[in-house]
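Descriptive structure summary
The residues making up each chain are set out below.
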Amino acid sequence: MSKINKGTPWPLGSNITTRGVNFSIAAPQARYIELLIFKNATDSNPKEIITLGEVHRSGNYWHVEVEGLGAGCFYGYRVINSENESKDCYNSKKILLDPCARAIAGWELYKRKSYLKQTISSANSLRAVVSERDKFDFYNHPRPKHPWNKTIIYELHVGGFTKLSSGKINNENVGTFLSLINKIPYLKQLGITTIELLPIFSFDYSDAPLGQENFWGYSPINWFTPHHQYIVSKNPLKAREEFKQFVATCHDNDLEVILDVVYNHTTEGNQNGPLISWKGFADSLYYYQDKNGNYLDVTGCGNTISANQPIVRKLILESIKCWSNELGVDGFRFDLGIALSRGKDLSPLTSPPLFEELENDPELSDLKLISEPWDCGGLYKLSNFPAKEICTWNGSFRDDVRRFWKADKDTTWNLKDRLIGSPELYKDQENSSKKSINFITSHDGFTLNDLVSFNVKHNLSNGENNRDGENNNNSWNHGIEGPTTNKNIEFIRNKQKRNFLSTLLLSNGIPMILMGDEVSRSQGGNNNSWCQNNPLGWMVWEDNDIDKDLKEFVKKLIRIRTQLSDFFSPKANHQPQKRSVISKNNIWIQWHGVKVNTPDWGSWSHTISYSIHNSKEGAVIWIGMNAYNQTMLFELPESHSPWLKVLDTTFMNANELKTRQLKNQSEIEVESQSLVLLTTKHYANKI
């Protein structure tokens, strides 16, 4: 028998000490707890059972120090809450995974059904593994810390982005963090500054209908460990090392890493779901429930985490610190983040303590924080998101830009606001563009190629009879559903893709590009590919399958935005200025229509143009957008130097994209369904 000591309640989880390992777990309702030590990860029976009684309890926490143990020790817990549990309760016989585990083993035998209510098998359960907690080496691999006005986000799936890779990547590495390292040069060549990874917390890939796989990973089984399928080594202790190697390489290449994190729900589902970890330690503490014990769900996944309960909040913050301070990530995007602002009985909180602590913790002060402002319970807070420093996904930008280029009615007025950072939407004239994450597409919905190729979703391969996925896509197939050999339709579709990307990257706010949009990646019309671990969900790399012209167009767009970031960034305040106050603001905007200084905001209008002025030089940039089905003639404002055409979405190849001075400086034709960007010579030379 190992020698045991009382131990300490802090730090949470397992922590290596000078004498062994300290274990600490929150279980406020427990009568006593059993710590199970295993010789091997796959052993059904523990080699030692250590019972934790009242002497090992401090408030809501149970703790013990076991001498002689170290890194690589496999362990689990059993929790007994009442007198009857030890005899006939299934729950007390479950081997529970430590919610604070920093390494997990046993995936090769794991079976979700082993954790269901009536099952007591321990042969197929996961084991926590004692691991190091070393801090990330920021001295040798410092954070890039790109300011928001220089940030270009690229959303990707770790497995999907590298699955079709060939040549430079060994087969055993495909779909892992190490294989993603090989794709850093590609991202750098595009001009990306920040990659946003779809969930990489350990998740239950079997949490899906029969025959499907949970590919996206929005089904967390633990908040502290990198997902095992993204790791090359079979040794669970290597997971943190491989992930840190990936982050360090990103930092060395001036790339930031942001994680899409899921703290609003877990894979344990509702009251009928499996009991894997959180449920067994404090069921009614971690999950919102009604008075009958039924789970309340505003996430669409069966349960909702009680994020503002003190113990739960502490666990979430510890997870964030683990990933940021120990593993080196640069920021977080909170899935259904507004759900984290709900309090007792799911009522929205004006000042949720989780966000207050997150924003005021000095250890986390240099992180980039992003959130979805909606949840599945109908709560949607954009202008009044209950956090001061957290940026939000601007779904209205996506919808309004899509509707404009589809030539819907009543679109120009809303588009005007989106182009300058949505100040009317955010009700914040000064700071809205610093909070708005602009996007046209994301993992959740059509890819850019499918947005211009399909009128409706085609999700039959998901196995839910096409019921899943969004129905209101604001998409347009331009005459034929899906792929076509019709050259005219293909020409219009390609032009629309350039329109969308140009609008995104030339708008005020922080742009996010979806993996593969720059090469016309398609999902065959599937707008909810969460279970598609196949070419539908993978990146396209083969030369014959990628749109090389579009990729070059995107590189030029990013270059324009980067070089002219004072005009196309959260830093700029594009509010119209009266002549008497122009001197107070170096950059200002003037709205036009087809006639100078005569914008048309009518229901019938499908054109918009504007000039961006520098108070010292006058008009230096002009953008015209024509969503009509015919060419329109636009008047041009006067400039101090000749206008040069820098971008025209009617053209696509490198020769056509060359900057040229306009012969006619007073007006310009903008083709139907096209966008044109003009700059004065001084700024054109910067690109």
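The structure under discussion appears in the preceding block.
Because the structure is a prediction, the values reported are computed rather than measured.

How each quantity is defined
Residues numbered from 1 in each chain as written. Predicted model: local features only at pLDDT ≥ 70, side-chain atom pairs only at ≥ 80, totals over all residues. Heavy atoms only, no water. Phe/Tyr/Trp six-rings, centres within 6.5 Å; stacked < 30°, edge-to-face > 60°. Helix = DSSP H or I, 4+ residues; strand = E, 2+ residues; numbered from the N terminus. Lys NZ or Arg CZ within 6 Å of the ring centre and 35° of its normal. Expected span 1.5 Å × (residues − 1). Polar contact = N/O pair within 3.5 Å; in protein donor to acceptor, adjacent residues only side chain to side chain. Buried < 20%, exposed > 50% of the residue type's maximum accessible area, 1.4 Å probe, protein only. Pairing = 2+ DSSP bridges. Axes fitted to C-alpha atoms, helices over the stretch in contact; angles between N-to-C directions. Contact = heavy atoms within 4.5 Å. Core = buried A, V, L, I, M, F, W, Y, C linked by side-chain atoms within 4.5 Å. Salt bridge = Lys/Arg side-chain N within 4 Å of Asp/Glu carboxyl O. Right-handed = clockwise from strand over helix to strand, strands pointing away.

A word on the packing of aromatic side chains
Tallied over the entire structure, the rule returns 36 aromatic pairs. Arranged with centres 6.2 Å apart and planes meeting at 40 degrees, the rings of Trp107 and Tyr205 form a pair that is tilted. Linking Trp107 in the loop between strand S9 (104-105) and strand S10 (127-129) with Tyr205 in the loop between strand S12 (194-197) and helix H6 (238-252), this pair joins segments that are 98 residues apart in sequence. In this structure, Lys183 is placed above the aromatic ring of Trp541, and the distance from its NZ or CZ to the ring centre is 3.6 Å. Residue placement shows Lys416 over the ring face of Trp413; its charged tip is 4.4 Å from the ring centre.

Some points on helix H14 (residues 487-505)
Helix length check: H14 (19 residues) gives 27 Å between terminal C-alpha atoms against 27 Å at 1.5 Å per residue, within 8%. A side-chain oxygen of the first residue of H14 lies 3.0 Å from the backbone nitrogen of Asn488; this N-cap is Asn486.

Considerations on the environment of Ala105
Along the chain, the position of Ala105 falls in strand S9. You can call Ala105 buried: its relative accessible area is 6%. Separated by 318 residues in sequence, Ala105 and Pro423 place their C-alpha atoms 49 Å apart.

Let's talk about the sheet that holds strand S16 (residues 391-393)
What the eight strands build is a closed barrel, ordered S11-S12-S13-S14-S15-S16-S17-S18; its pairing is parallel. Sheet twist, expressed as the mean angle between neighbouring strand axes with direction ignored, is 25 degrees. In this structure, strand S14 (residues 331-334) lies alongside strand S15 (residues 368-371), joined through four bridges in parallel fashion. The residue of S15 that forms the bridge with Gly331 is Lys368.

Here we look at the side chain of Asn459
One can find Asn459 in the loop between helix H13 (448-451) and H14. Beyond its immediate chain neighbours, meaning those up to four positions away, Asn459 contacts Asn466, Asp468, Gly469, Gly525, Asn526, Asn527 and Asn528.

Some remarks on the nonpolar core
If you look at the biggest cluster of nonpolar residues, it comprises 124 residues, and the most contacted ones within it are Tyr154 and Phe246. Ranked by the residues each element gives to this core, the list is headed by helix H8 (residues 310-326), at eight residues.

Some thoughts on the sheet that holds strand S4 (residues 32-38)
The strand order across the open sheet built from five strands is S5-S4-S8-S10-S9, with neighbouring strands paired in antiparallel fashion. The two strands at the open ends of the sheet, each matched to only one other strand, are strand S5 (48-52) and S9. As defined by bridge partners, S4 adjoins S5 across five bridges and the pair is classed as antiparallel. Bridge pairing in S5 places Leu36 opposite Ile49.

Describing the pairing of strand S2 (residues 13-16)
Strand residues, when the strand is regular, have side chains that alternate between the two faces of the sheet. Note that S2 and strand S3 (residues 20-26) share four bridges and pair antiparallel. Considered in S3, the bridge of Ile16 is made with Val21. Once S2 ends, the chain turns through three residues before running back antiparallel as S3.

As for the pattern of salt bridges
Evaluation of the coordinates by the stated rule reveals 31 salt bridges. The partner of Asp260 in a salt bridge is Arg333, with the nearest N and O atoms 2.8 Å apart. One end of the pair, Asp260, is in strand S13 (residues 256-261); the other, Arg333, is in strand S14, and 73 residues separate them in sequence. Each member of the pair, Asp260 as well as Arg333, carries the same accessibility label: buried. The partner of Lys416 in a salt bridge is Glu424, and the shortest N-O contact between them spans 3.6 Å. When its relative accessible area of 40% is taken as the criterion, Glu424 is described as partly exposed.

A few points about the pairing of S13
Buried residues dominate S13, accounting for six of its six residues. As judged from the four bridges shared by S12 and S13, these two strands associate in the parallel manner. In the sheet register, Thr194 faces S13, and the bridge partner there is Glu256. Assessed by its sense of winding, the connection that carries the chain from S12 through H6 to S13 is right-handed. As defined by bridge partners, S13 adjoins S14 across four bridges and the pair is classed as parallel. Of the residues in S14, the one forming a bridge with Leu259 is Phe332.

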